[in-house]
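Chain by chain, the residues run as shown.
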Amino acid sequence: MRLSILVICLFAIIVIYVTNQFLTQRFTETIRNRSEVRLALYVTNLMSELQRSSVVPQLLARDPDLIKALEDNDYSLSTARLLSFVDEIGAASLMLLDRDGRSVAATDRNRLSENHRSAPYFIAALRNNQTVYSTHQDSDDRGFSFVYSRKIENDGQTLGVIMVEVDVPRLERSWAGVSDAVLVTDSEGMIIMSTEPRWRGLREEEALARQSAPSAIERAIRVTQGWAALPADAYLRGEAVLRREVRVPHQGWKMVSFTTYASVREKVNGILALEVMGFAILLAVMFWFMSRKTASRLVFFQRESAELRALNRRLQREIAEREKVEKTLQVAEQTIAQSSKLAALGEMSAAVSHELNQPLAAMKTYLAGARLLLQRQRPDEALSSFQRIDDLLERMGAITRQLKSYARKGADAFEPVDTRAAVSMALALMEPQLKARAVNIIRTLPNEPVMIIGDRLRLEQVIVNLLRNALDATKNASNPTVEILLVAGDTISLQIRDNGEGIENLDELFEPFYTTKQPGDGVGLGLAISSGIVNDLGGRLTARNAVDGGAIFEVQLPTMKQDVAAAE
């Protein structure tokens, strides 16, 4: 019995040590992942703000009221005109400069009549026919200004410059948190944005070496001062904060965040306390059995005592075997849970990459067309391309929202959808690929609406995936042809047929990551995602080889009932 108690004590020490190491690593990894996700969101917000402000000078440079004010030198209504735009645009400030660099209208009236002749954004705008971007440090030590400027012309004559300042302080306020510090450096390593005002204008090493440390880092140090039991990795090489760096796709910028390991020690200590309590109860029970055994020796005969000891040894062996089985089972369950999480994360990442690839390709084509139209002085047609890009951005946002809400997706967002419109929209999204190749598209659609209850965006994703596979299958065909047939009845049947080489393996066709394409051309998720979407819509996606060659993919969906349509 004494040997058993000693073994249990040693076992308890080992279990507590392993648990401490594992849980500390597990919880710190969770904080690290959250920090990476939050940093990616900050970069996305920053790029969205910059891209939105970059379009404003192009629009204001064509405003007839501002052009007339510059021509007539009458700026009595110009400031009011700019004030009417600034709230809707969301910019920090708007300023109108005449050809000599003097501010004649501004949303900040204190900056009227300032001379900006030597400012880089004014000089660069006069030398360029496009919108130019510049970053400069303010003379009154307010930080940095981020400016988009563009030359205003009329009949080939330069009239002035319109300047739009990006509202960076609003982004910095949104970054400021209880335990985070965020900074952005330019291509030379100078801090131009920061949640800590004292860091601006310095390099990262200089900012962190200041005697009076910023509030976020001070809080991090105070929280982590009692972490003597943590391994060295938790300190990130002696530092009490987690540092993360990511590239901002704008003029060589980088974003850096500092995140504290808050509450990790408290969570680990809570679980360790439960383990210590459990082992203490086990030891108490064993001591009780020891005392009972001692009392039994005084009462029972020597033979009965021998039988009791034999029974006790068998019981101990059984308990040890059961504990060993339970420990093995716990390790297996933890391994399976971790593997499932990693697999789900991999599939989710691959799905995001796969579903966003098509809108990104279309946006690239539309941007190239818009640039060509602007060079040919056809702005109205270019605005049409920008509208299409905006629609694609909304589509990408909807896709990411759907993937984000993966765990709670259902039929609560379904609505009546015309299948013909979904086919037309899918063909419009595939327009860049169709123009790049000479493919014969045969489309047979009913004259009347073909209505279903479902999600229009997800149905369009299915059709786009099937059309893209059909185009890939006809690469080697002499007369590539894709036929689209929509038939309405009790159920809706949408068939997409190609004259390619057909399907070799129908059994594994809809399995995730199964593909016959070359590496780099696809990851094998299109049909698996499409099959899941059709199943969610209450239908079925099937595939077969045609008798005369090629493949046929058929989407079968239930028709919307008339009473449902009337209710809608």
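Presented here is an overview of the structure given in this document.

**Notes on the pattern of salt bridges**
And then number 1: Taken as a whole, this structure holds 21 salt bridges when the rule is applied.
And then number 2: Residue D418 is joined to R420 by a salt bridge in which the shortest nitrogen-to-oxygen separation is 3.4 Å. Side by side, D418 and R420 carry an identical accessibility label, which is buried.
And then number 3: For R497, the salt bridge is made with D548, and the minimal N-O distance between the two is 2.2 Å. Taken together, the positions of R497 in strand β14 (residues 491-498) and D548 in the loop between β15 (540-545) and β16 (551-558) put the pair 51 residues apart, joining distant regions of the chain.
And then number 4: Several salt bridges share partner residues, and in doing so they unite E49, R52, D167 and R170 into one network.

**Notes on the side chain of D186**
And then number 1: Tracing the backbone through its elements, the reader meets D186 in the loop between β6 (180-185) and β7 (191-194).
And then number 2: For the buried D186, no salt bridge exists, and the shortest N-O distance to an oppositely charged side chain is 6.3 Å, to R203.
And then number 3: Only 3.1 Å separates the side chain of D186 from the backbone nitrogen of E188, close enough to count as a polar contact.
And then number 4: Once residues lying within four places of it in the same chain are set aside, the contact partners of D186 are I192, G252 and W253.

**Notes on the nonpolar core**
And then number 1: Grouped together as the largest cluster of nonpolar side chains are 44 residues, with contacts concentrated most on L459, I463, L466, L467 and V555.
And then number 2: Of all the elements in the fold, those that place two or more residues in this core are α9 (302-375), α10 (379-404), α11 (419-429), α13 (456-473), β13 (481-487), β14, α14 (526-536) and β16.
And then number 3: The biggest single contributor to this core is α13, with eight residues.
And then number 4: Apart from residues no more than four positions distant in its own chain, L459 is found in contact with V417, T419, A422, I452, L537 and L557.

**Description of α14**
And then number 1: α14 sits mainly inside the fold: eight of its 11 residues count as buried.
And then number 2: Inspection of α14 places G526, L527, A528, I529, S530, S531, I533 and V534 among the buried residues, and these make up the whole buried set.
And then number 3: At the C-terminal side of α14, G538 shows a positive phi close to 85°.

**A few points about the sheet that holds β14**
And then number 1: The strand order across the open sheet built from five strands is β11-β13-β14-β16-β15, with neighbouring strands paired in mixed fashion. At either margin of the open sheet sits one strand with a lone partner, and together these are β11 (440-444) and β15. Sheet twist, expressed as the mean angle between neighbouring strand axes with direction ignored, is 15°.
And then number 2: Looking at chain direction, β13 and β14 are connected through six bridges and run antiparallel. Bridge pairing links L486 to L494 in β14.
And then number 3: Where α11 meets the sheet, its contacts fall on β11, β13 and β14, and the angle it forms with β13 comes to roughly 160°.
And then number 4: Across the sheet, α13 touches β13, β14, β15 and β16, and the angle it forms with β14 is around 25°.

**Remarks on the packing of aromatic side chains**
And then number 1: Considering all chains together, one arrives at five aromatic pairs under this definition.
And then number 2: Geometrically, the ring pair formed by Y133 and Y148 is tilted, given 5.0 Å between the ring centres and 55° between the ring planes. One end of the pair, Y133, is in strand β3 (residues 132-137); the other, Y148, is in strand β4 (residues 144-154), and 15 residues separate them in sequence.
And then number 3: Pairing W288 with F289 gives two aromatic rings, centres 5.1 Å apart and planes at 70°, and the pair type is edge-to-face.
And then number 4: Residue class for W288 comes out partly exposed when judged on its relative accessible area of 47%.
And then number 5: On the accessibility criterion, F289 (40% relative accessible area) is partly exposed.
And then number 6: Among the aromatic residues, those joined into a ring-pair cluster are Y133, F146, Y148 and W253.

**Some remarks on the pairing of β13**
Put simply, side chains in a regular strand alternate between the two faces of the sheet.
And then number 1: Of the strand pairs in this sheet, β11 and β13 are connected by five bridges, and their pairing is parallel. Bridging from a neighbouring strand, N440 pairs with T481 of β13.
And then number 2: Between β13 and the antiparallel strand that follows it, β14, lie three residues.

**Looking at a nonpolar patch on the surface**
And then number 1: Side chains of L3, L6, V7, L10 and I13 sit close together on the surface and give an oily, nonpolar patch of about 510 Å² of accessible area.
And then number 2: Structurally, L3 can be placed in helix α1 (residues 2-60).
And then number 3: Overall, the relative accessible area of 63% leaves L3 in the exposed class.

**Section: the pairing of β4**
And then number 1: The element β4 is largely enclosed, with a buried count of nine among its 11 residues.
And then number 2: Bridging between β4 and strand β5 (residues 157-165) involves eight bridges; their strand directions are antiparallel. Looking at β5, one finds that S149 is bridged to M163.

**Focus: the sheet that holds strand β1 (residues 93-98)**
And then number 1: Taken in spatial order, the five strands make up an open sheet running β2-β1-β5-β4-β3, and their pairing is antiparallel. Each edge of the sheet is formed by a strand with only one pairing partner; in this case those strands are β2 (103-106) and β3. Within this sheet the neighbouring strands show an average axis-to-axis angle of 25°, counted without direction.
And then number 2: Docked against the sheet, α1 engages β1, β3, β4 and β5, running at close to 25° with respect to β4.
And then number 3: Taken strand by strand, helix α3 (residues 78-89) contacts β1, β2 and β5, and its axis lies near 145° from that of β1.

Calculation rules
- Residues numbered from 1 in each chain as written.
- Predicted model: local features only at pLDDT ≥ 70, side-chain atom pairs only at ≥ 80, totals over all residues.
- Heavy atoms only, no water.
- Salt bridge = Lys/Arg side-chain N within 4 Å of Asp/Glu carboxyl O.
- Buried < 20%, exposed > 50% of the residue type's maximum accessible area, 1.4 Å probe, protein only.
- Helix = DSSP H or I, 4+ residues; strand = E, 2+ residues; numbered from the N terminus.
- Lys, Arg positive; Asp, Glu negative; His and termini not counted.
- Polar contact = N/O pair within 3.5 Å; in protein donor to acceptor, adjacent residues only side chain to side chain.
- Contact = heavy atoms within 4.5 Å.
- Core = buried A, V, L, I, M, F, W, Y, C linked by side-chain atoms within 4.5 Å.
- Pairing = 2+ DSSP bridges.
- Axes fitted to C-alpha atoms, helices over the stretch in contact; angles between N-to-C directions.
- Phe/Tyr/Trp six-rings, centres within 6.5 Å; stacked < 30°, edge-to-face > 60°.
- Patch = residues over 30% accessible without salt bridge, like charges linked within 9 Å, V, L, I, M, F, W, Y side chains within 5 Å.
- Areas by Shrake-Rupley, 256 points an atom, 1.4 Å probe, with all protein chains shown as cover.

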